[in-house]
Structure formats: structure tokens, C-alpha cells
Amino acid sequence: MSLRHALLGLLSERPASGYDLLKLFETSLANVWPATQSQIYTELTKLAGTGLITVAAEGPRGRKEYAITDEGLVELRHWLTETPPQRNTRSDVLLRVFFLGVLTPDQARSYLTELMEMSEQGAESLRRLSDSIDWDDDNLSVYGRIALEYGLRFNAMRREWAEWAAEQIK
């Protein structure tokens, strides 16, 4: 996924300012695709330059509200249906697991215990996020809840796996 497609996806719901998009990232997409304010504003300028979004309104202090164009919607749909997702091939967590043998068994189990705790903290963070959102019936809410459930289940799986893995170490 790219920041470009994340912004197009958010703008497909409704027009928004750069500030509004930054807040949406912080409350939803940051768990899957974090972005800084400067990255968002830079990408908005590029998207407007290529005609995938347009400045729909301008307000006080230079505030711009962006809207997706028909070409932007075509690009978003193309990315969703024609571009296969990239398989995440790098995992710092699993790379370390491959080399736990250089540690003592207690140190290796400690690493896995930290993964269990990290998974619990991740799940708790997602639960707090879910409780803080005023869920609606719009697409972003429906599919946002589905994505959030993925995060909850992933954390549960990683915790269960780390517990199993710790038991394998003699």
C-alpha cells in the first residue's frame, strides 16, 4: 500500500483538509500505515498535481479541502482490484527468533515473553481505540471495524504463538 492510495481511500468517503486527513490517520490508519504531517501534505500536493484529487474549497488561513476526482477513483479501484498486495517479507520479530539460539534458554524465553506482552499491549491499544471512535454505518466505519478486528486477532495469534514457542525451548 502507498500513502497515495491511503489518501485516495480516505477522500473517497468525503472531502477533507490535510488536517482532517492527519487526524483520520492518527485514529485509524496509523496502525497499518503511519504517516507524518509533512508526508501527507507532500502527497496531497502530488495528487492534486496529477489530477487525482482537486482542491474543492479554500478557507481561512490557507486551509484547503481536497476531494477525489473521477480519475482518482479509477486509480483507487485499479489499485484495489488489479494490483496484488505486496507480501510483507521483512519481520524484525521473526528474524530475531531465527537467532535466539545464541542466547541462553532463559534469555530466549524472555524475548518471547516480551512478545506476549507486546501483543497484549497492542490488543489493549486497539480496544481503547475502538472504544474512542464514534462508529457509524459509513464505509470507513464498517471496513475500519473489520481492519481493527484483524489487528485484534493478529495480536491474539502472536501472543498464543509466542507462548507455544517459549514452551518449545528446553
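Only a predicted model underlies this, so the values are computations on that prediction, with no experimental measurement involved.

Side note on the nonpolar core
- One finds Leu7, Leu11, Leu21, Phe25, Ile40 and Leu44 to be the most contacted residues of the largest nonpolar core, which totals 20 residues.
- For this core, the elements supplying multiple residues, two or more each, are helix H1 (3-13), helix H2 (18-27), helix H3 (37-49) and strand S3 (64-68).
- Of the residues forming this core, the biggest block, six residues, is contributed by H1.
- Phe25 has contacts with Leu3, Ala6, Leu7, Leu10, Ala30, Trp33, Ala35 and Ile40, leaving out every residue within four places of it along the chain.
- Core analysis: the next-biggest nonpolar cluster, separate from the first, contains ten residues, Tyr111, Met116, Ala162 and Ala165 among them.

Side note on the pattern of salt bridges
- Considering all chains together, one arrives at twelve salt bridges under this definition.
- In this structure, Arg127 and Glu124 form a salt bridge, with 3.3 Å as the shortest nitrogen-oxygen distance. You can see Arg127 and its partner Glu124 sitting in helix H6 (residues 105-132), three residues apart, about one turn around the helix.
- For Arg127, a relative accessible area of 37% translates into the label partly exposed.
- Through salt bridges with shared partners, a single network forms among Glu13, Arg14 and Asp138.

Brief notes about the sheet that holds strand S2 (residues 53-58)
- With antiparallel pairing, the three strands of this open sheet are ordered in space as S1-S3-S2. Edge strands, defined here as strands with exactly one partner in the open sheet, are strand S1 (16-17) and S2.
- As paired elements, S2 and S3 share five bridges and run antiparallel to each other. Following the sheet pairing, Glu58 is matched in S3 by Lys64.
- The sheet contacts of H1 involve S1, S2 and S3, and relative to S3 the element is tilted by about 95 degrees.

Some details on the packing of H2 against H3
- Direction vectors running N to C along H2 and H3 enclose 130 degrees, while the axes themselves pass 10 Å from each other. Comparing their axes, H3 and H2 come out oblique. Pair H2 / H3 crosses with right-handed handedness. Residues Gly18, Tyr19, Leu21, Leu22 and Phe25 of H2 touch H3, and the partners they reach there are Gln37, Ile40, Tyr41 and Leu44.

Examining the side chain of Asp138
- Within the element layout of this structure, Asp138 appears in the loop between H6 and helix H7 (139-168).
- There is a polar contact of 2.8 Å between the side chain of Asp138 and the side chain of Ser141.
- Among all residues touching Asp138, those that are not within four sequence positions of it are Glu13 and Arg14.

Considerations on the packing of aromatic side chains
- Throughout the structure, instances matching the rule amount to one aromatic pair.
- A centroid spacing of 6.3 Å and a plane angle of 15 degrees characterise the contact between Tyr150 and Phe154, whose relative ring orientation is stacked. Pair noted here: Tyr150 and Phe154 are both in helix H7, with a separation of four residues, about one helical turn.

Concerning H2
- Among the residues of H2, Gly18, Leu21, Leu22 and Phe25 are the ones counted as buried. Within H2, the buried residues cover an arc of 105 degrees as seen down the axis, which keeps them to one side.
- On the buried face of H2, the contacting elements are H1, S1, H3 and S3.

Quick notes on the pairing of S3
- Relative to S3, S1 runs antiparallel, the two being bridged by two bridges. Counterpart to Ala16 in the pairing with S3 is Tyr66.

Rules used throughout
Within every chain, residues take consecutive numbers counted from 1 along the sequence as written. In keeping with the predicted nature of the model, local features appear solely for residues at pLDDT of at least 70, side-chain atom pairs appear and are counted solely at 80 or more, and the whole-chain, interface and lining totals rest on all residues. For the side-chain quantities, the full set of heavy atoms in the structure was used; hydrogens and water were omitted. In this description, a nonpolar core means a group of buried Ala, Val, Leu, Ile, Met, Phe, Trp, Tyr and Cys residues linked to one another through side-chain atoms lying within 4.5 Å. Burial classes: relative accessible area under 20% of the type maximum marks a residue as buried, over 50% as exposed, and values in between as partly exposed (1.4 Å probe, protein chains only). Secondary structure elements are taken from DSSP: a helix is a run of H or I of four residues or more, a strand is a run of E of two residues or more, and numbering for both begins at the N terminus. Contacts between residues were defined by any pair of non-hydrogen atoms, one from each residue, lying within 4.5 Å. Should a side-chain nitrogen of Lys or Arg be within 4 Å of a carboxyl oxygen of Asp or Glu, the pair is scored as a salt bridge. A pair of strands is labelled paired if DSSP reports no fewer than 2 bridges between them. Helix axes are fitted to C-alpha atoms over the stretch in contact, other axes to C-alpha atoms as well, and angles between N-to-C directions run from 0 to 180 degrees. With respect to orientation, any angle under 35 degrees is reported as roughly parallel, any angle over 145 as roughly antiparallel, any angle of 65 to 115 as roughly perpendicular, and every other angle as oblique. Helix crossings are classified by the rotation of the near helix relative to the far one: an anticlockwise turn of less than a right angle makes the crossing left-handed, while a clockwise turn makes it right-handed. Whenever two N or O atoms come within 3.5 Å, that pair is a polar contact, provided that in protein one can donate a hydrogen and the other can accept it, and provided that, for residues adjacent in sequence, both atoms are side-chain atoms. Only centres within 6.5 Å qualify two rings of Phe, Tyr or Trp (six-membered ring in Trp) as a pair; their planes then separate them into stacked at under 30 degrees, edge-to-face at over 60, and tilted for everything else. Taken from the helix axis, the directions to the C-beta atoms give the arc we talk about.

Purely geometric numbers; function is a separate question.
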